[in-house]
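# Summary of structural features
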Amino acid sequence: MTEKELMLSEQLYIAQDEELARDNAKARKLTRLINTTTEEQGEYRLQLFRELLGKVGKSFWIEPPFRCDYGCNTYIGENFYANYDCIIIDVAEVHIGDNVFFGPRVGVYTAGHPIDAEVRNTQLEYGKKITIGSNVWVGANTVINPGVAIGSNVVIGSGSVVTKDIPDGVVAAGVPCRVIRSITDQDKAYWKQQAAVHEENKEK
């Protein structure tokens, strides 16, 4: 197997490889172009993101600056939004569902390194897939670690470090990130009411 094949199959690999270097160089070029676009170049920016990412929905917006290792290993659904300073280290695949919002400085890190220093010093590393469901809000400065799966209809509180899977339909936060409570019908009723108040205020 090539180093790229080893990487994508979540086995130990060495990143100092010609094929991976080419892929990374392409990502660096595209992110450089993205991060130097102006506010008048919105369509061009979206075009660059479509070239960079493995898949992205028709409707999305990512605020520069943005960083990634490869981009082509990241798959994003519809209606995605990422605020400033998003980093996605996608040495393994990253799958993000529909209607997912990232606060500023969210980091999605699939990369891992051996605990044993002797093996680590040989430059061997690995990646573990990260999955985020649909209808998820990830608060600012959150770190999502390798191998984690976050369910759908989830809120992750700001400053969290997600080290283990998070189930559907919960609010979770902390270091390490833990489930705080379920999202209930009362939450839905409260926020529907607030949305109705907003509409009323617009009409005044």
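Just above, that's the structure.
Residues numbered from 1 in each chain as written. Predicted model: local features only at pLDDT ≥ 70, side-chain atom pairs only at ≥ 80, totals over all residues. Heavy atoms only, no water.

Further remarks concern the sheet that holds strand E11 (residues 124-127). Ordered in space as E1-E11-E10, the three strands form an open sheet in which the pairing is antiparallel. Lying at the two open borders of the sheet, with one neighbouring strand each, are strand E1 (13-14) and strand E10 (111-112). Pairing analysis gives two bridges linking E1 to E11, with the strands arranged antiparallel. The residue bridging Ile14 from the neighbouring strand is Leu124, located in E11. (Pairing = 2+ DSSP bridges. Helix = DSSP H or I, 4+ residues; strand = E, 2+ residues; numbered from the N terminus.)

For the coordinates displayed, the defined rule picks out four aromatic pairs. Measuring from centroid to centroid gives 6.2 Å for Phe49 and Phe60, while their planes differ by 90°, and the two rings are edge-to-face. Of the two residues, Phe49 sits in helix H3 (residues 42-52) while Phe60 sits in strand E2 (residues 60-62), which places them eleven residues apart along the sequence. You'll find Phe49 and Phe60 in the same group, each marked buried. Ring plane angle 80° and centroid distance 5.1 Å describe the contact between Phe80 and Phe102, whose orientation is recorded as edge-to-face. On the criterion of sequence distance, the pair formed by Phe80 in strand E5 (residues 80-82) and Phe102 in strand E8 (residues 100-102) is long-range, its members being 22 residues apart. Through successive ring pairs, a cluster of aromatic residues spans Phe49, Phe60 and Phe66. (Phe/Tyr/Trp six-rings, centres within 6.5 Å; stacked < 30°, edge-to-face > 60°. Buried < 20%, exposed > 50% of the residue type's maximum accessible area, 1.4 Å probe, protein only.)

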